[in-house]
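Letter by letter, the chains look like this.
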Amino acid sequence: MANILIIDDDLEMCLVLTTLVERAGHTGRYCLTLEQGLKEAIDNPFDIVFLDINMPDGSGLEILSNLQQTPSNPEVIIITGHVDIDSAEIALKNGAWDYIQKSASPKELMLPLQRVIKYREGIKQPPPVKIALRLDGIIGSSPPMKSCLDLLAQASNLPVNVLITGETGTGKEVFAKAIHNNSSRSHRRFIVVDCAALPEKLVESILFGHEKGAFTGADSVQEGLIKEADGGTLFLDEVGELPLSVQKSFLRVLQERCFRPVGGNKEVKSDFRIIAATNQDLDKMIKKNRFRKDLLYRLKSLGVHLPSLKDRCEDIIDIAIYHVKIICDRYKLGTKGFSPDFVDTLKLFPWPGNVRELVHSLETAINASGNSPTLMPIHLPTNIRLESMRATLGKKIPNDSQTPVMTNYRDMINSTEKEYFKNLLSSTRGDIKKCCGISGLSRSRVYDILKKHHLSKQS
Ligand SMILES: Nc1ncnc2c1ncn2[C@@H]1O[C@H](COP(=O)(O)OP(=O)(O)OP(=O)(O)O)[C@@H](O)[C@H]1O
Ligand SMILES: [Mg+2]
């Protein structure tokens, strides 16, 4: 049941409308002037207001926005004796629900009313319950990651082609797999096509399949990857590497969902969903005529751009904890903890290779840590430790645009080096062999550096 207010100076019209709305099971009230009408709308909650334009105390359009701003935020349906396009335009542009003539039949008068009621019931409904996504292997709760997870949910529910972009190692393949696993196609196959590794001569046969005897060496009928993805998902990894000739035939497959195997004369159907991924800038490639614009348009019904790890530092430690557990389980080791400076080092490194580089470095650290239950910076690859150390020292040196850098470059490098070797000696307890192994430097170079900084095994 809805509350309806009628503002019209025509008493007969007010009575007709009140009768119609009450017959339909709603409550109706009317006012004969704009002033009264507005007061009524401010004092009482209404869902819908029927508003006349030509009123004795002004134009109904003048109070349209005041009505919309009253506490119950009603929808306004304009009713007028004289239809005029200009006022209709003003009314609709200002958010009126509809604009109808008084001469309309009772049915026509009631139709917008029913629609408004349905609409308002819809917005009062609680939002649909979110079905939990299966996110095997996707860790991260930073704001950029949350936006990507929202897109993942959308992509899982819609039958559209998806293009995932992002730097190397940002998780494009794990995302593609998660979209498939959460979609209605999850019970069918997820077929990966590594476009960068397709041998030029066999591309078509690998994708479309071939008939027996189609070419030398084609001893039997071979189903292509596109057919294997029937009912499931075809993941075109590194799609920027797809040769131009194949881009053309692929576009046709995407439009028609059928293709002809090499050497075959019958069209084969396949109902597959495409998810493509690339770390290249396809728009730039289009400008250089290396990628087809029409193909990009087809592939990118929905685009997901995965953030670089340095833009979501808050996720680094959660990802590290997740992967350390996996790696330790794989090596049948008890899981390992992190020292505070290990955590700092991970957070300070810019991770150009993103999550993949982080995972590899953790694997290196676990191997280097031997029986130690705690991972420490000393266990990490040297380049990561040096870079993080540089970042820490850099913080101590004023380096923003307002404050000029006042430190000599060589001095900065020297102090970084000295700091590094001091830590190295202390973590290896002065074991020069270990220092060489960790730093990747020769024995004589290590001794030279220690001498330069007046450091000794005992330091
Ligand atoms: N959000 C994440 N949480 C945990 N691990 C992740 C996440 N994203 C990626 N990884 C891990 O990082 C590694 C690289 O992921 P993936 O292969 O999906 O990256 P990619 O973007 O496809 O890389 P490339 O461009 O080099 O092909 C994998 O080991 C994967 O498990
Ligand atoms: Mg990949």
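Please read all numbers here as calculations on a predicted model, not as lab measurements.

On to the overall build of the chain. In terms of helices and strands, the chain carries 19 helices and 18 strands. The C-alpha radius of gyration computed for the chain amounts to 34 Å, which surpasses the reference 23 Å derived for 459 residues by more than 25%, pointing to a less compact arrangement than a globule. Taken over the C-alpha atoms alone, the chain extends approximately 105 × 70 × 45 Å along its principal axes. Within the chain, the proportion of its 459 residues that are buried is 30%. Summarising the internal contacts of the chain: among those between residues at least 6 apart in sequence, 69% fall at separations of at least 24.

Moving on, we get to the sheet that holds strand β7 (residues 98-101). Spatially, five strands are ordered β2-β1-β3-β6-β7 in an open sheet, and the strand pairing comes out parallel. In the strand order of this sheet, the two ends are held by β2 (27-31) and β7, each with one partner. Each strand of the sheet is rotated relative to its neighbour by a mean of 20 degrees, with strand direction disregarded. Taken together, the five bridges between strand β3 (residues 48-52) and strand β6 (residues 75-80) define a ladder with parallel strand orientation. Across the sheet, residue F50 finds its bridge partner in β6, namely I77. Sheet contacts for helix α2 (residues 34-43): β1 (3-7), β2 and β3; angle to β1, the most-contacted strand, approximately 165 degrees.

Let us look at the site of ligand 1. I139, G171, K172, E173 and V355 are the nearest of the 18 residues found near ligand 1. Residue composition of the shell around ligand 1, grouped by class: seven nonpolar, eight polar and three charged. Here the shell around ligand 1 gathers at least three residues from each of two domains, domain 2 (143-305) and domain 3 (311-396).

This brings us to the sheet that holds strand β8 (residues 162-165). Reading across the sheet, the five strands line up as β9-β12-β15-β8-β16 and stay open at both edges, with parallel pairing between neighbours. Looking at the sheet topology across the chains shown, the edges are occupied by β9 (190-194) and β16 (302-305). Taken over all neighbouring pairs, the strand axes of this sheet differ in orientation by 20 degrees on average, direction set aside. Two strands pair when backbone bridges link them, and strand β12 (residues 233-237) and strand β15 (residues 273-278) are joined in this way by four bridges, in the parallel orientation. When the sheet's bridge partners are listed, F235 is paired in β15 with I275. Across the sheet, helix α6 (residues 143-157) lies against β8 and β16, angled at about 150 degrees from β16, the strand it touches most.

Turning our eyes to something else, we now look at the domain arrangement of the chain. Split into domains, the chain comes out as domain 1 (3-124), domain 2 (143-305), domain 3 (311-396) and domain 4 (409-459). Here the C-alpha centroids of domain 2 and domain 3 sit 34 Å apart. At the junction of the two partners, domain 2 supplies seven residues and domain 3 supplies eight residues. Across the side of domain 2 that touches domain 3, the residue classes break down as two nonpolar, four polar and one charged.

What follows concerns the confidence of the model for the chain. Note that predicted coordinates carrying low pLDDT should not be read in detail. Confidence in the prediction of the chain, expressed as mean pLDDT, is 88, and 93% of residues score 70 or more. When mean pLDDT is taken per element in the chain, β8 scores highest with 97 and helix α16 (residues 382-396) scores lowest with 73.

A separate point is α6. Each full turn of the α-helix corresponds to 3.6 residues, which orients residues three or four apart in the same direction. With 15 residues, α6 ought to run about 21 Å at 1.5 Å a step, and its terminal C-alpha atoms sit 22 Å apart, in line with that. Every buried residue of α6 is accounted for by M145, C148, L152, A155 and S156. Seen from one end, α6 has its buried residues packed into an arc of 95 degrees, which puts them on one side. Among the exposed residues of α6, those oriented more than 90 degrees off its buried face are P143, K146 and D150. In this structure, the buried residues of α6 make contact with β8, α7 (172-181) and β16.

Attention now moves to the nonpolar core. Among the nonpolar cores identified, the biggest contains 39 residues, and I164 and L234 are the most heavily contacted of them. Here L234 is in contact with I191, V193, L225, I226, A229, F272 and I274, once residues within four sequence places are set aside. One finds V21, A41, A91 and Y99 within the second-largest nonpolar core, a separate group that totals 32 residues.

Reading guide: rules and limits
Residues numbered from 1 in each chain as written. Chains lettered and ligands numbered in written order. Predicted model: local features only at pLDDT ≥ 70, side-chain atom pairs only at ≥ 80, totals over all residues. Helix = DSSP H or I, 4+ residues; strand = E, 2+ residues; numbered from the N terminus. Rg over C-alpha atoms; globule rule 2.2 N^0.38 Å. Buried ≥ 20, exposed ≤ 12 C-beta atoms within 10 Å, placed from the backbone. Contact = placed C-beta atoms within 7 Å. Pairing = 2+ DSSP bridges. Axes fitted to C-alpha atoms, helices over the stretch in contact; angles between N-to-C directions. Near = placed C-beta within 6 Å. Nonpolar A, V, L, I, M, F, W, Y, C, P; charged D, E, K, R; others polar. Domains from an automatic or database assignment. pLDDT = per-residue confidence, 0-100. Expected span 1.5 Å × (residues − 1). Arc of directions from axis to C-beta. Core = buried A, V, L, I, M, F, W, Y, C linked by C-beta atoms within 7 Å.

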